[in-house]
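If you want the building blocks of each chain, they are given just below.
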Amino acid sequence: MAGSGRLALGALQVPGWVRGSSPAVLSRLRDAAVVRPGFLSAAEEETLSRELEPELRRRRYEYDHWDAAIHGFRETEKSRWSEASRAILQRVQAAAFSPGQTLLSPVHVLDLEPRGYIKPHVDSIKFCGATIAGLSLLSPSVMRLVHTQEPGEWLELLLEPGSLYILSPPSRHEHSPVAGRPPHPTQPQPVFSCRGSARYDFSHEILRDEESFFGARRVPRGRRISVICRSLPEGMRPGELGQPPPAC
Ligand SMILES: O=C(O)CCC(=O)C(=O)O
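Rules behind the numbers
- Residues numbered from 1 in each chain as written.
- Predicted model: local features only at pLDDT ≥ 70, side-chain atom pairs only at ≥ 80, totals over all residues.
- Heavy atoms only, no water.
- Helix = DSSP H or I, 4+ residues; strand = E, 2+ residues; numbered from the N terminus.
- Buried < 20%, exposed > 50% of the residue type's maximum accessible area, 1.4 Å probe, protein only.
- Near = heavy atom within 4 Å.
- Polar contact = N/O pair within 3.5 Å; in protein donor to acceptor, adjacent residues only side chain to side chain.
- Areas by Shrake-Rupley, 256 points an atom, 1.4 Å probe, with all protein chains shown as cover.
- Nonpolar A, V, L, I, M, F, W, Y, C, P; charged D, E, K, R; others polar.
- 1 Å grid on protein atoms, 1.4 Å probe; cavity = no way out; pocket = protein on both sides within 12 Å on 5 of 7 lines; lining within 4 Å.
- Points joined across faces, edges and corners; volume = space filled by probe spheres on them.
- Salt bridge = Lys/Arg side-chain N within 4 Å of Asp/Glu carboxyl O.
- Expected span 1.5 Å × (residues − 1).
- Arc of directions from axis to C-beta.
- Contact = heavy atoms within 4.5 Å.

Let us look at the environment of Arg30. Inspection of the secondary structure puts Arg30 in the loop between α2 (23-28) and β3 (33-36). Judged by its relative accessible area of 56%, Arg30 falls in the exposed class. A sequence separation of 12 residues divides Arg30 from Val18, and the C-alpha atoms of the two residues are 9.4 Å apart.

Next up, the structure:
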């Protein structure tokens with residue numbers, strides 16, 4: 001498991017903000033779970049935090065619904081942004097989404113209090129499309145991805161404030177490592193191989209403070225705000241989607 005993997009000698013770290021259980025997992029998810037540290041400048045981080053604070057402050061933190069994926073959080077879905085924030089979100093869109101992907105509007109904003117955390121979950125294909133991209137503000141945190149069938153296969157992402165993470169399916173050009181070789185040129189090409197998909201084969205979670213380690217490094221958790229852009233589920237048109245749950 002990832003928790004004991006913290007001490008496992010076999011755990012690999014490539015580069016400084018991604019570590020995984022084996023070279024195979026790191027290589028398989030290389031393009032499917034990406035972190036871009038320092039994506040935001042300090043001024044951009046400040047712009048987003050300042051804009052979000054009044055809206056978030058009006059809401060109460062929620063705790064302990066037995067089946068809830070998140071503990072100690074408040075949230076908002078935000079459609080109207082200042083011009084400065086819109087420019088940041090456009091940079092996220094350009095960095096994380098392909099031109100053909102339609103983004104879900106509004107943007108989801110999640111505020112985890114210092115003891116708050118997100119339990120392991122696999123995103124529902126009903127509410128989330130192929131790609132999610134999240135900006136982290138205020139506190140560092142660790143996102144852990146664990147294979148749903150092979151719990152020994154895991155990846156951890158160090159999410160510093162100002163970083164962007166992107167979870168997406170492997171590119172169309174990749175092929176399943178199970179098959180071990182590319183499909184024959186005459187075979188129909190899959191849009192993407194689900195094997196190795198960080199979105200659907202792996203659960204993801206944000207670790208609670210007591211478990212917040214990146215390898216041997218303690219990552220103390222404070223209040224964390226994430227600004228999450230999601231693509232529209234396959235085959236769905238804007239406006240057709242119901243209210244997505246806090247962690248979809
Ligand atoms: O807060 C985050 O960055 C993660 C959110 C999440 O797990 C989700 O939207 O499915």
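As a further point, take the site of the ligand. For the ligand, the set of nearby residues contains 12 residues, the closest of which are His121, Asp123, Tyr165, Arg224 and Ser226. Residue His204 places a side-chain N or O atom 3.1 Å away from an oxygen atom belonging to the ligand. Taking Arg224, its side chain carries an N or O atom lying 2.9 Å from an oxygen atom of the ligand. Protein contacts shield 100% of the accessible area of the ligand, which totals 300 Å² for the unbound molecule. Elements with a contribution of two residues or more to the shell around the ligand: β5 (107-121) and β13 (224-230). Of the residues that constitute the shell around the ligand, the class distribution is six nonpolar, three polar and three charged.

It is worth spelling out unusual backbone geometry at this point. Note: most residues except glycine have negative phi, and most peptide bonds are trans. Residue Pro106 follows Ser105 across a cis peptide bond; omega there is 10 degrees. Mapped onto the fold, Pro106 is located in the loop between α4 (83-96) and β5.

Within this model, the second largest pocket holds a volume of roughly 240 Å³. As for the second largest pocket, its lining consists of 13 residues, and the residues nearest its centre are Leu89, Gln93, Leu103, Ser105 and Val107. Examining the composition of the lining of the second largest pocket, we find that four residues originate from one element, α4, more than from any other.

Before going further, it helps to spend a moment on the pattern of salt bridges. As enumerated under the stated definition, the model contains 16 salt bridges in all. Between Glu53 and Arg57 there is a salt bridge, with the nearest N and O atoms lying 3.8 Å from each other. Here the residue Glu53 and the residue Arg57 both occupy positions in helix α3 (residues 42-57), the gap between them amounting to four residues, near one helical turn. A salt bridge links Arg74 to Asp111; its shortest N-O distance comes to 2.9 Å. Of this pair, Arg74 sits in strand β4 (residues 70-78) while Asp111 is found in strand β5, placing the two residues 37 residues apart along the sequence.

Between its first and last C-alpha, α4 extends 20 Å over 14 residues, near the 20 Å set by a 1.5 Å rise per residue. Along α4, the positions that sit buried rather than exposed are Ser85, Ile88, Leu89, Val92 and Ala96. Looking straight down α4, one finds its buried side chains confined to an arc of 95 degrees; they lie on one side. The exposed set on the far side of α4, more than 90 degrees from its buried face, consists of Glu83, Gln90 and Ala94. Those residues of α4 that are buried are in contact with α3, β5, β6 (132-137), β9 (164-167) and β13.

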